[in-house]
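# Examination of the molecular architecture
Residues per chain are reported as follows:
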Amino acid sequence: MQVSEQDAASEWAARKVGEFLRVRQEQIAQRWADAELFRTVFTVSRDEAVEAGKAVVDALSDVASSGRLDDITAPGFQTVRDQLGRMAASRARTGSTPAQVAGEVAELHQPAVTLLRGEFPDPAGDQAQECALALTVLMGTLRLVVMETTLRQGDELIARQRLQLLEVATPVIKLWDGIVAVPLIGTLDSARSQVVMESLLDAIVAERARYAILDITGVPTVDSLVAQHLMKTVAAARLMGAECIVSGIRPAIAQTIVHLGIDLGTVVTRSSLADALAYALRQQGIVVAPRTPVGANLS
Amino acid sequence: MQTSHDTGTIRLPIGSDTDLAWVRQQVRQAAAELGFGLVQQTKLVTAVSELARNTLIHGGGGQVEMTVLHQGPVLGLRLAFTDDGPGIRDIEQAMTDGYTTGSGLGMGLSGAKRLVQEFGIDSRPGGGTTITVAAWATGLPHPRAEDG
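So, here is what we can say about the structure in this document. All figures in this text were calculated on a predicted structure; none of them were measured in a lab. Sequence positions are assigned chain by chain, starting from 1 and proceeding in written order. The lettering of chains begins at A and the numbering of ligands begins at 1, in the order of writing. For this predicted model, a pLDDT threshold of at least 70 governs which residues receive local features, and a threshold of 80 or more governs which side-chain atom pairs are given and counted, while totals over whole chains, interfaces and linings are taken from all residues.

## Quick look at the overall build of chain B
The helix and strand tally for chain B stands at 4 helices and 5 strands. As a rule, residues whose C-beta atom has 12 or fewer other C-beta atoms within 10 Å are exposed, those with 20 or more are buried, and those in between are partly exposed; C-beta atoms are placed from the backbone. For chain B, buried positions account for 38% of its 148 residues. Residue pairs qualify as contacts under a 7 Å threshold applied to their C-beta atoms, which are placed from the backbone. Looking at chain B alone, contacts between residues at least 24 apart form 65% of all its contacts between residues at least 6 apart. Every helix listed is a DSSP run of H or I at least four residues long, and every strand listed is a run of E at least two residues long, numbered separately from the N terminus.

## Focus on the pairing of strand β5 (residues 129–136) of chain B
All names here are of chain B. Extensive coverage of β5 is indicated by the burial of 6 of its 8 residues. The pairing criterion for strands is at least two bridges between them, as found by DSSP. Here strand β4 (residues 118–123) runs beside β5; their pairing, made up of 6 bridges, is antiparallel. Residue pairing across strands places F119 opposite V133, the latter belonging to β5. Count of turn residues in the β4/β5 antiparallel hairpin: 5 residues, of which G126 carries a positive phi of about 80 degrees.

## What about the environment of A31 of chain B?
Residue and element names in this part refer to chain B. Inspection of the secondary structure puts A31 in helix α1 (residues 17–33). For A31, a count of 25 C-beta atoms within 10 Å corresponds to the buried category. With near-sequence residues (within four places) excluded, A31 lies in contact with F36, Q40, Q41, L44 and L77.

## Topic: the nonpolar core
Put simply, a nonpolar core is buried Ala, Val, Leu, Ile, Met, Phe, Trp, Tyr and Cys residues tied into one set by C-beta atoms within 7 Å. Judged by nonpolar contacts, the single largest core of 70 residues is most densely connected at A212 of chain A together with L44 and V133 of chain B. In terms of residue count, the dominant contributor to this core is helix α2 (residues 38–57) of chain B (7 residues). Setting aside its immediate chain neighbours within four residues, V133 of chain B contacts A47, L51, L79, A112, V116, E118 and F119 of chain B. Counting 41 residues, the second largest nonpolar core, distinct from the first, contains F38, A49, V101 and V105 of chain A.

## Some points on the pairing of strand β1 (residues 173–176) of chain A
Within a regular beta strand, the side chains point alternately toward one face of the sheet and then the other, so they alternate between its two faces. Residues and elements named next belong to chain A. Judged from the 3 bridges that link them, β1 and strand β2 (residues 179–185) form a sheet pairing that is antiparallel. In the sheet register, K174 faces β2, and the bridge partner there is V180. Counting the residues in the hairpin turn of β1 and β2 gives 2 residues, including G178, whose phi is positive at 80 degrees.

## Structural notes on the sheet that holds strand β5 (residues 268–269) of chain A
Residue and element names in this part refer to chain A. Read across the sheet, 5 strands follow the order β1-β2-β3-β4-β5 without closing on themselves; strand pairing throughout is mixed. Among the strands making up the open sheet, the edge pair consists of β1 and β5. For β2 and strand β3 (residues 211–218), the ladder comprises 6 bridges, and the chain directions are parallel. Across the sheet, V182 pairs through a bridge with L214, a residue of β3. Each of β3 and β4 (243–247) touches helix α10 (residues 224–239); the most contacted strand, β4, lies at about 150 degrees to it. Lines are fitted to the C-alpha atoms to define the axes, a helix being fitted only along its stretch in contact, and any angle between axes, read from their N-to-C directions, falls within 0 to 180 degrees. Of the strands in this sheet, β1, β2, β3 and β4 touch helix α12 (residues 273–283), which is tilted by about 170 degrees from β3.

Don't take any of this as a statement about function, it's just geometry.
Written out as structure tokens, the structure is:
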């Protein structure tokens, strides 16, 4: 196989950079420990920053030796991906944007190149230039790896939080013997309302509930789809022998529902959760009275 | 709307349920900043929710263009929902309470019209749909058309 002079030169440079990174690992890590990125992440001790720097230099050395300078999927990066992700996340927590973090990664380039040039008898010579170029490419790849790791972590976080919201936001609360309530909060889309219906029907069985209260105080917008979901839930609960009460209907929501033309006439509604509970108690013949009755008339 | 002029237009994509929530939030915020009362805000946001969902479900996604309107001292919002979907074959029928081609209640279009002060549909079968609505912050520039 014919290898062009140019390819041979860059291959040599990559190997040379890999070697340089291995030999000068300690010195590079020492200088990086003073750089913004390491200094601000590892605030407890400088040794910690140096150790982290060494791990990154090792990874870069591996990548350079394998000759895959511009490959962000190079196996060498795997060992430091988690660490880089944690560092980027730590910077993000203190308010840095991904672009700022990328800039801080870019700042690591200069100290390394300065050291690299010092290795050559003629720091401006062709060989030194070739190696500096290879190191520049490698550092650019490192920057991409950090960016990619950060973005992927963001995506994973969003997906996780979405699942959490789905479950956390729909607790079914037992208010009294035979009375359960679901305080609905946020947007009631199809996925959420499915979860609400399932957990409510389960609770009706588990608590042997005769009354189920759906409180929509925390639902900012009640449009026809939300209303439809509510009515379906009410109908399903009714099939199971429980009466549903929709509470938390604010004045603005009430007016909007009327203008929208939705008929909630078949559903028992109350303006507040307290009213709904009072209704359910009264229906069961339970009277809540003050300890010392002031007046005799409590009915 | 001849007497009103535009200042600043925001375009928001409508391509998913998440976009719907974002559009609702943006409209609510804009309406609050323009001095819409709570009831007016709720009405407008509900209308927007219906129309944006139509854009998503029947139009296969599209966008909404939000423009601030000035008419003398009165501020308003105009929203234009655009999609390249199949269009509406019979607008009169589509505007009828309870008529639906999907699985909803069939109150979206007609209900949305009752929640805003100005409402217009431009649609041809196969030519996409644009629905434009406008609502005003305080009082009304024109006497309300009908059912208050």
